[in-house]
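Remarks on the overall topology
Listed below, chain by chain, are the residues.
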Amino acid sequence: MNFKDYIRVIPDYPQPGIRFKDITTLLKDGPVYKAAINELKTFADTLNVDVIAGPEARGFVVGAPLSYAMNVGFIPIRKANKLPYKAIQADYSLEYGSDALAMHEDAIKPGDRVLIADDLLATGGTIETSINLVEQLGGIVVGAVFLIELSYLDGREKLGDIPVSSLITY
């Protein structure tokens, strides 16, 4: 299946010169959404995953159904100060400032094999920060999956030797 056919590209959003890749058109088509998750599952099944972690918010729409399909747990990675229990956090840089992501301190057990799932790999900052959080808790990131990869932004370089699967590449 050519999943790119189900992505709407919106020119000049959120600012001039950006061609925003809108996944909502893929998500609203049940059979296509299911096929996308199943294709990511084919890759993930080779990694002996204990748990899947996904960053807020679109990582939830990839990671949660994937964890369900694989019969493993899902760990939400949230913006700082959004989790109700004791959490660890890691800061990361944005184009105009910084932000922080957080996980519950008991979300990952030492030695857990963790797959990171998100909608988009762009510059790699969010995923690099997610990996940092998993590793702070003693987890081992065994792979990362994405619906879309913007290869021209070189985000994969920030992931080192971690195996990566992206359904669509621009």
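Preceding this section is the structure that the text describes.
Here the structure is a predicted model, which means the values were calculated and not measured.

1. Some points on the pairing of strand E9 (residues 164-169)
Where burial is concerned, most of E9 is hidden: five out of the six residues are buried. With five bridges joining them, strand E8 (residues 140-149) and E9 adopt parallel strand pairing. In the sheet register, Ala144 faces E9, and the bridge partner there is Val164.

2. A closer look at helix H3 (residues 58-70)
For H3, built from 13 residues, the straight-helix expectation of 18 Å at 1.5 Å per residue is met to within 8% by its first-to-last C-alpha distance of 19 Å. Among the structural elements, helix H2 (30-44), strand E3 (51-55), strand E4 (73-79), strand E7 (113-121) and E8 are those in contact with the buried residues of H3. Asn71, located one to two residues past H3, shows a positive phi value of around 60 degrees.

3. Details of the environment of Ile10
Position of Ile10 relative to the elements: it lies in strand E1 (residues 8-11). Residue class for Ile10 comes out partly exposed when judged on its relative accessible area of 29%. Between the alpha carbons of Ile10 and Asp22 there is a distance of 7.2 Å; along the sequence they are twelve residues apart. Every residue in contact with Ile10, bar those within four places of it in the chain, is listed here: Ile18, Arg19, Phe20 and Asp22.

4. Some words on the packing of H2 against H3
At a minimum axis distance of 10 Å, the contact between H2 and H3 shows a crossing angle of 65 degrees. With respect to their mutual orientation, H2 and H3 come out roughly perpendicular. You can see that H2 and H3 cross each other, and the crossing is right-handed. Packed against H2, whose contacting residues are Tyr33, Ile37, Leu40, Lys41 and Ala44, the element H3 presents Val61, Val62, Pro65, Leu66, Ala69 and Met70 at the interface. In the contact of H2 with H3, the residues fall into ten nonpolar, no polar and one charged.

5. Observations regarding the packing of aromatic side chains
In this structure the tally under the stated criterion is two aromatic pairs. Between the aromatic rings of Tyr13 and Phe20, the centroid separation amounts to 5.3 Å while the plane-to-plane angle is 90 degrees, which identifies the pairing as edge-to-face. Since its relative accessible area comes to 25%, Phe20 is described here as partly exposed. Between Phe60 and Phe74, the ring centres sit 5.8 Å apart and the planes meet at 80 degrees, which makes this aromatic pair edge-to-face. In this pair, Phe60 sits in helix H3 while Phe74 sits in strand E4, placing the two residues 14 residues apart along the sequence. Judged by its relative accessible area of 25%, Phe60 is partly exposed.

6. With respect to the pairing of E7
In regular strands, side chains alternate between the two faces of the sheet. Counting buried residues in E7 gives seven out of nine residues, a clear majority hidden from the surface. Alignment of E3 against E7, held across three bridges, turns out to be parallel. From the neighbouring strand, Val51 faces E7, where its bridge partner is Val114. Pairing geometry for E7 and E8, over eight bridges, is parallel. When the bridges of E8 are listed, Leu120 appears paired with Ile148. With helix H4 (residues 125-136) bridging E7 and the parallel E8, this β-α-β connection has right-handed handedness.

The rules behind the values
- Residues numbered from 1 in each chain as written.
- Predicted model: local features only at pLDDT ≥ 70, side-chain atom pairs only at ≥ 80, totals over all residues.
- Heavy atoms only, no water.
- Buried < 20%, exposed > 50% of the residue type's maximum accessible area, 1.4 Å probe, protein only.
- Helix = DSSP H or I, 4+ residues; strand = E, 2+ residues; numbered from the N terminus.
- Pairing = 2+ DSSP bridges.
- Expected span 1.5 Å × (residues − 1).
- Contact = heavy atoms within 4.5 Å.
- Axes fitted to C-alpha atoms, helices over the stretch in contact; angles between N-to-C directions.
- Parallel < 35°, antiparallel > 145°, perpendicular 65-115°, else oblique.
- Left-handed = near helix turned anticlockwise from the far one by under 90°.
- Nonpolar A, V, L, I, M, F, W, Y, C, P; charged D, E, K, R; others polar.
- Phe/Tyr/Trp six-rings, centres within 6.5 Å; stacked < 30°, edge-to-face > 60°.
- Right-handed = clockwise from strand over helix to strand, strands pointing away.

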